[in-house]
Amino acid sequence: MGIIKLKNIRTYSYHGCLIEEGKIGSDYTVNLEVKTDLRKSSISDDLKDTVDYVLLNRIVVEEMAIRSDLLEHVAHRILTRIFEEIPEISRIVVAVSKLNPPIGGDVEAVTIEMEEYRS
């Protein structure tokens, strides 16, 4: 088994409960960790024997482009889509961070993290 991590995927997205957040947008980062079997690809050196991290990145970017009120909702969509499109993955941890959130304080980021296992 093995772990593939994509760190600090940066997007400019329009999530949030405030009307202004949907209009002006904000900077986000997503961290993704997936568990899969890397033994075959470690021997074959062939992309078809592993999880393509280009596909993982594309799923994150496409889901981040769909507006949600809550970060939990967009994270759930990312989890669901990865499990649907990549059957080799057995576990996913996704963390979605809104940078400089409009919460009336000096806060660098608000992050939600979700972990799911294939059922």
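Treat the numbers as computed from the prediction; the structure is a model and nothing was measured. Note that residues are indexed from 1 along each chain, following the sequence as it is written. Thresholds applied to this predicted model are a pLDDT of at least 70 for local features of residues and 80 or more for the giving and counting of side-chain atom pairs; totals over whole chains, interfaces and linings are not thresholded and use all residues. The basis for the side-chain values is all heavy atoms of the structure; hydrogens and waters are excluded.

Participant: How should I be thinking about the overall build of the protein chain in this particular structure?
Facilitator: For the protein chain, the count of helices and strands is 4 helices and 4 strands. Tracing the protein chain from N to C terminus, the helices and strands come up as β-α-β-α-α-α-β-β. Oriented by its inertia axes, the alpha-carbon framework of the protein chain measures out at about 50 × 25 × 20 Å. Working definition: with a 1.4 Å probe on protein chains only, accessible area under 20% of the residue-type maximum means buried, over 50% means exposed, and in between means partly exposed. With 119 residues in all, the protein chain has 39% of them scored as buried. Throughout, a residue-residue contact means that at least one pair of heavy atoms, one from each residue, lies within 4.5 Å. Taking the contacts inside the protein chain whose residues are at least 6 apart along the sequence as the reference set, 60% of them involve residues at least 24 apart. Reported accessibility uses the Shrake-Rupley method at a 1.4 Å probe radius. Residues are deemed covered only where the shown protein chains occlude them. When the accessible surface of the protein chain is split by element, carbon and sulfur atoms take 52% of a total near 7200 Å². Under this rule, positive means Lys or Arg and negative means Asp or Glu; His and the chain ends count for nothing. To locate a charge, the coordinates of NZ of Lys, CZ of Arg, CG of Asp or CD of Glu are taken. Measuring between centres, the 15 positive side-chain charges of the protein chain sit 3 Å from its 21 negative side-chain charges. In this text, helices come from DSSP runs of H or I with a minimum length of four residues, and strands from runs of E with a minimum of two, each type numbered from the N-terminal end.

Participant: Can you walk me through the sheet that holds strand β2 (residues 26-36) in this structure?
Facilitator: Strands in a sheet are paired, the pairing made by backbone hydrogen bonds, and the direction either parallel or antiparallel. Strand order in this open sheet of 4 strands is β1-β2-β3-β4, and the pairing throughout is antiparallel. The sheet is open, and its two borders are formed by β1 (2-13) and β4 (109-117), each paired with just one other strand. Within the sheet, the average angular offset between the axes of one strand and its neighbour, ignoring direction, is 15 degrees. At least two DSSP bridges between two strands are required for those strands to pair. By the bridge criterion, 8 bridges tie β2 to strand β3 (residues 91-99) in an arrangement that is antiparallel. If you follow Thr29 over to β3, its bridge partner there is Ser97. Each of β1, β2 and β3 is contacted by helix α3 (residues 53-64), which is oriented at about 35 degrees to β1, the strand it contacts most. Only the contacting stretch of a helix is used when fitting its axis, a line to C-alpha atoms as for every element, and angles between N-to-C directions run 0 to 180 degrees.

Participant: What is the right way to read the pairing of β2 from this model?
Facilitator: If a strand is regular, its side chains alternate between the two faces of the sheet. Two elements, β1 and β2, share 10 bridges in a ladder whose sense is antiparallel. Paired with Gly2 across the two strands is Thr36, which belongs to β2.

Participant: Hey, could you run me through the pattern of salt bridges in this one?
Facilitator: Salt bridges, as used here, are contacts in which a Lys or Arg side-chain nitrogen is within 4 Å of a carboxyl oxygen on Asp or Glu. In the structure shown here, the tally under the stated rule is 14 salt bridges. When the shortest N-O distance is used, the salt bridge between Glu33 and Arg91 registers 2.7 Å. In this pair, Glu33 sits in strand β2 while Arg91 sits in strand β3, placing the two residues 58 residues apart along the sequence. Relative accessible area serves as the criterion here: at 12%, Arg91 is assigned to the buried category.

Participant: Is there a simple way to explain helix α4 (residues 71-85) in this structure?
Facilitator: For an α-helix, the turn length of 3.6 residues means that residues three or four places apart are oriented alike. Expected helix span is taken as 1.5 Å per residue step, with the number of steps being one fewer than the number of residues. For α4, with 15 residues, the first-to-last C-alpha span of 21 Å sits near the 21 Å given by 1.5 Å per residue. All of the buried residues in α4 are Leu71, Val74, Ala75, Arg77, Ile78, Leu79, Arg81, Ile82 and Phe83. Those residues of α4 hidden inside the fold are in contact with β2, α3, β3 and β4.

Participant: Explain the layout of surface pockets here, please?
Facilitator: Unoccupied space between atoms shows up once a probe the size of one water molecule is rolled over them. The pocket and cavity definitions rest on a 1 Å grid over protein atoms only: a 1.4 Å probe that fits but cannot leave marks a cavity, an open set with protein on both sides within 12 Å along at least five of seven lines marks a pocket, and residues lining either have an atom within 4 Å of a point. Grid points are joined across faces, edges and corners, and a volume is the space filled by probe spheres set on the points. Roughly 210 Å³ of volume is contained in the largest pocket. If you trace the largest pocket, you find 15 residues lining it, with Glu21, Asp69, Leu71, Lys98 and Val110 closest to the centre. Considered class by class, the residues forming the lining of the largest pocket number 9 nonpolar, 2 polar and 4 charged. Each residue gets one of three labels, nonpolar for Ala, Val, Leu, Ile, Met, Phe, Trp, Tyr, Cys and Pro, charged for Asp, Glu, Lys and Arg, and polar for the others, Gly among them.

Participant: Got a minute to help me understand unusual backbone geometry in this structure?
Facilitator: Negative phi values dominate among residues other than glycine, just as trans dominates among peptide bonds. Of note in the backbone geometry, Asp45 takes a positive phi value of approximately 60 degrees without being a glycine. Relative to the assigned elements, Asp45 resides in the loop between α2 (39-44) and α3. The residue Asn100 is not glycine, and still its phi comes out positive at about 50 degrees. Tracing the sequence through the fold places Asn100 in the loop between β3 and β4.

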